[in-house]
Amino acid sequence: MREVPLRLWQLIAAAVIFFLVGTHLIIMHLGDILSFFGADMGEPTAWSSVMERASSAWWTVFYGIVLAAVLYHGFLGLRNVISELSLSPAAMRVINRALIVVGIGIFAFALYIPIST
Amino acid sequence: MSNNGENQGSVSKLTLKVQRYNPDRDKAPYMQEFTLPFRKGMTVLDGLLYIRENIDSSLAFRASCRMGICGACAMLINNLPRLACHTPVEEIGEFTLEIKPLPNFAIVKDLVPDTSSMFEKHASVKPYLMRDDQEEMEHPTAEFVQSPDELESYLQFAYCIKCGACVAACPTSATGKLYLGPQALTQAYRYCGDSRDNKSGERISAVDPYYGVWGCHFAGACSQVCPKGVDPALAIQLLRRKVFAQSLGGKERTPSPVAAPPTGSKEKIPVPEFTVTQDDRS
Amino acid sequence: MKAQSSERRYLENYLGIKGWVWGGRYRLERYLYTLHRISGLALLFYFLLHIAMNGFRLSSGESWTSLMDIFDTPIVKFGEYLVLAGFTFHALNGLRLILQELGYTLGRPKPPVYPYVDALERRRPIVFVMGGVIIILLVVFIFNFI
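Residues numbered from 1 in each chain as written. Chains lettered and ligands numbered in written order. Predicted model: local features only at pLDDT ≥ 70, side-chain atom pairs only at ≥ 80, totals over all residues. Heavy atoms only, no water.

**So, the overall build of chain B**
Across its full length, chain B holds 12 helices and seven strands. Here chain B has a C-alpha radius of gyration of 24 Å; the compact-globule value for 282 residues is 19 Å, and the former is much larger. With the C-alpha coordinates of chain B rotated into their principal frame, the extents come out at 70 × 65 × 40 Å. Taking all 282 residues of chain B together, the buried fraction comes to 52%. Once the 31 positive and 33 negative side-chain charges of chain B are each reduced to a mean point, those two points are 6 Å apart. (Helix = DSSP H or I, 4+ residues; strand = E, 2+ residues; numbered from the N terminus. Rg over C-alpha atoms; globule rule 2.2 N^0.38 Å. Buried < 20%, exposed > 50% of the residue type's maximum accessible area, 1.4 Å probe, protein only. Lys, Arg positive; Asp, Glu negative; His and termini not counted. Charge placed at Lys NZ, Arg CZ, Asp CG, Glu CD.)

Okay, structure coming up:
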């Protein structure tokens, strides 16, 4: 199988992560700096604001894209690191499949959280 | 001799800590210390030759040309892969040197690495010109046209002497035994970037697996240690660009044509009288 | 003896995983590579932890709020800062890597004339600018954590 498409999507996922996770981190962790610039987001980890985001379709789509991008980029990166350890092709096949299954499982579970609450 | 020593300040002795390993006798490599006279302008290879001639004739290392052409004497000198013949002791600035065989290769004996894996990988990327016109390749009628600009776009990568210093420096080669390594990937680009070649697709499929061009993470250590200024890191990024371009529908280039036959000829210079011609001999 | 020598297994001398971290006397980019790898794996680990933590929301609002109360300590705050720092480094260094690994900003091959200067060395200012931006951002972020 050709490796190029995997790596091309990893770069595209990186660009998506750069902007979306960047936004997420600014909102979640840099509240004081944001309010200094006049954008008060309230307490982002309070139960009410968490629920507010979870009930919004926009935020759910946002989290869905972030999840897919980060899981793909991260798990492919992990697989690339493992692939440099000179494991046998059979072991690599097992690891590749395991990472795909685990990744899809985590994606489904994590997306279920904002949808169900 | 003593005068030279005085010119160097107080330094007149050189200490080489050399890693020894004899597969017939030793279970594991060990370090052995040699003290020898220091002479101005001395290279590390001079030191090793002195040891072999005067102290311990059983010390094994590979060296041939003594001038950075053959690439046989690459070794790990003070934790940096370099050519022993190309490394004056004064350039390092220390007079106690630690010399080990190149890492990321197997050890044959003492300082001799087994570089056969590198040559196998080098062969696997098809490092030769490939063209559609097989007839012209086998029975050439004239040279292929190449402009100086086209030459310069790959010339730097053609200076590789296959010493293995880049592979020893590469962090991916430290674990990835399958990884093609900076040497082979650079040679893959050297031919992909050659205007006379038009089958880079075959080479690209050879470097596309995960152990090919994707194993490079641009640590740049290979370019730092290359004794010939080949810059493998640059070549691998350019190769990667070609791989991406090809996957996005990039076309193979039209290879440079065969040079036109010369029109008209200059007047021949007369053969000097003292030259023995074909007729005289028969 | 001859026949034996072809069968002899030479002593393997791979640096192994140690070679990823410890590089010897190499320059900056070699260690940026190490840091990129470590920060990437750490961020992936944090991301999975983060999802597991969010799983608490499934049971009840109280369990979420009590979890947030437990996390309101200086050590966790410092951990959050590390995540932010790791992301900032991985993102900006990754941006540089994407550009350079696609062959941009590296310039054309040059004939090797002694003393050899390779493409990374010629474009060292890019790394300095990137490092400067990262350091400024990390210093600014500190104000949010004190």
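**Brief notes about the interface of chain A and chain B**
Accessible area lost upon the coming together of the parts serves often as the stated size of an interface. Each side of the interface is counted separately: chain A has 12 residues, and chain B has 17 residues. Summing both sides of the interface, chain A and chain B together bury roughly 1,300 Å²; the carbon and sulfur share of this comes to 60%. Scanning the region where chain A abuts chain B turns up one salt bridge. Where R2 of chain A meets D208 of chain B, a salt bridge forms, and the shortest distance between an N and an O atom there is 3.1 Å. Applying the counting criterion to the chain A and chain B interface returns nine residue pairs in polar contact (both at pLDDT 80 or more). Looking at the side of chain A that touches chain B, the elements with two or more residues in it are α1 (4-29) and α4 (57-83) of chain A. Examining the composition of the side of chain A that touches chain B, we find that four residues originate from one element, α1 of chain A, more than from any other. (Contact = heavy atoms within 4.5 Å. Buried area = accessible area lost by both parts, 1.4 Å probe. Salt bridge = Lys/Arg side-chain N within 4 Å of Asp/Glu carboxyl O. Polar contact = N/O pair within 3.5 Å; in protein donor to acceptor, adjacent residues only side chain to side chain.)

**A short note on the domain arrangement of chain B**
All names here are of chain B. One can read the domain layout of chain B as domain 1 (2-114) and domain 2 (116-247). Its C-alpha centre places domain 1 at a distance of 31 Å from the equivalent point of domain 2. Remark: the boundary between domain 1 and domain 2 carries zero salt bridges. The tally of links from domain 1 across to domain 2 stands at five residue pairs in polar contact (both at pLDDT 80 or more). Among the elements that make up the side of domain 1 that touches domain 2, the one with the highest residue count is strand β4 (residues 80-83) (three residues). Tallied by class, the residues present in the side of domain 1 that touches domain 2 amount to nine nonpolar, four polar and one charged. (Domains from an automatic or database assignment. Nonpolar A, V, L, I, M, F, W, Y, C, P; charged D, E, K, R; others polar.)

**What about the interface of chain B and chain C?**
Counting residues at the interface gives 54 residues for chain B, matched by 39 residues for chain C. At the boundary of chain B with chain C, total buried surface from both sides reaches about 4,000 Å², with 59% on carbon and sulfur atoms. Our count for the chain B to chain C interface comes out at two salt bridges. E12 of chain C is the salt-bridge partner of K177 of chain B, the closest N and O atoms lying 3.3 Å from each other. Viewed at the interface, chain C and chain B are joined by 20 residue pairs in polar contact (both at pLDDT 80 or more).

**Quick word on the sheet that holds β4 of chain B**
All names here are of chain B. Pairing in this open sheet of five strands is mixed, and the strands run β2-β1-β5-β3-β4 from one edge to the other. Unpaired on one side and paired on the other, β2 (30-37) and β4 mark the two borders of the sheet. Neighbour-to-neighbour, the strand axes of this sheet turn through a mean angle of 35°, independent of strand direction. The pairing of strand β3 (residues 74-77) with strand β5 (residues 96-100) spans two bridges and is classified as antiparallel. By the bridge assignment, L76 is partnered in β5 with K100. On top of the sheet, helix α2 (residues 44-55) reaches β1 (13-20), β2, β3 and β5; it is set at about 90° to β2, its chief contact. (Pairing = 2+ DSSP bridges. Axes fitted to C-alpha atoms, helices over the stretch in contact; angles between N-to-C directions.)

**Description of the nonpolar core**
Judged by nonpolar contacts, the single largest core of 72 residues is most densely connected at L16, L48 and V207 of chain B. Split by domain, this core shows at least three residues from each of two domains, domain 1 (2-114) and domain 2 (116-247) of chain B. Apart from residues no more than four positions distant in its own chain, L16 of chain B is found in contact with Q32, E33, F34, L36, G47, L48, I51, L97 and I99 of chain B. Of all hydrophobic cores here, the second largest spans 42 residues; its members include V21 and I82 of chain A together with A85 and F145 of chain C. (Core = buried A, V, L, I, M, F, W, Y, C linked by side-chain atoms within 4.5 Å.)

**Some points on the confidence of the model for chain B**
The predicted model of chain B averages 90 in pLDDT, with 93% of residues at 70 or higher. Note on residues 1-8 of chain B: pLDDT under 50 across the span, and nine contacts to partners over four residues away in sequence or across chains. (pLDDT = per-residue confidence, 0-100.)

**Here we look at helix α5 (residues 89-116) of chain A**
Between the first and last C-alpha of α5 of chain A there are 40 Å, a value that for 28 residues agrees with the 40 Å anticipated at 1.5 Å per step. Every buried residue belonging to α5 of chain A is among M92, I95, L99, G103, I106, A110, L111, I113 and P114 of chain A, and all of these are buried. Where α5 of chain A is buried, its residues contact α3 (47-55) and α4 of chain A together with α3 (28-54) of chain C. (Expected span 1.5 Å × (residues − 1).)

**A word on the packing of α4 of chain A against α5 of chain A**
Geometrically, a packed helix pair is captured by the angle between its two axes and the distance between the axes. All names here are of chain A. For the pair α4 and α5, interaxial distance at closest approach is 10 Å and the crossing angle is 160°. Between α4 and α5, the angle falls in the class roughly antiparallel. Every pair of crossing elements has a handedness; the one defined by α4 and α5 is right-handed. Side by side, α4 and α5 meet where T60, G64, L67, A68, L71, F75, L78, R79, I82 and S83 of the first sit next to M92, I95, N96, L99, V102, G103, I106, F107, A110, L111 and I115 of the second. Here the residues of the contact of α4 with α5 sort into 15 nonpolar, five polar and one charged. (Parallel < 35°, antiparallel > 145°, perpendicular 65-115°, else oblique. Left-handed = near helix turned anticlockwise from the far one by under 90°.)

**Regarding the packing of aromatic side chains**
Tallied over the full model, the rule gives 10 aromatic pairs over all chains. Taking 4.9 Å as the distance between ring centres and 85° as the angle between the ring planes, the aromatic pair formed by F38 of chain B and F95 of chain B counts as edge-to-face. Of this pair, F38 of chain B sits in the loop between β2 and α2 while F95 of chain B sits in the loop between α3 (89-92) and β5, and the two are 57 residues apart along the sequence. Residue classification places F38 of chain B among the buried residues on the basis of a relative accessible area of 2%. Judged by centre distance (5.2 Å) and plane angle (65°), the rings of W214 of chain B and F244 of chain B are edge-to-face. Separated by 30 residues along the polypeptide, W214 of chain B in the loop between α9 (200-207) and α10 (221-225) and F244 of chain B in helix α11 (residues 232-247) bring together distant segments of the chain. Each member of the pair, W214 of chain B together with F244 of chain B, is buried. An aromatic cluster of three or more residues is present, and its members are W59, F62 and Y63 of chain A. Above the plane of the ring of Y191 of chain B lies R190 of chain B, whose end atom (NZ or CZ) is 4.0 Å from the centre. Positioned over the ring face of W20 of chain C is R37 of chain C, at 4.5 Å from the centre of the ring. (Phe/Tyr/Trp six-rings, centres within 6.5 Å; stacked < 30°, edge-to-face > 60°. Lys NZ or Arg CZ within 6 Å of the ring centre and 35° of its normal.)

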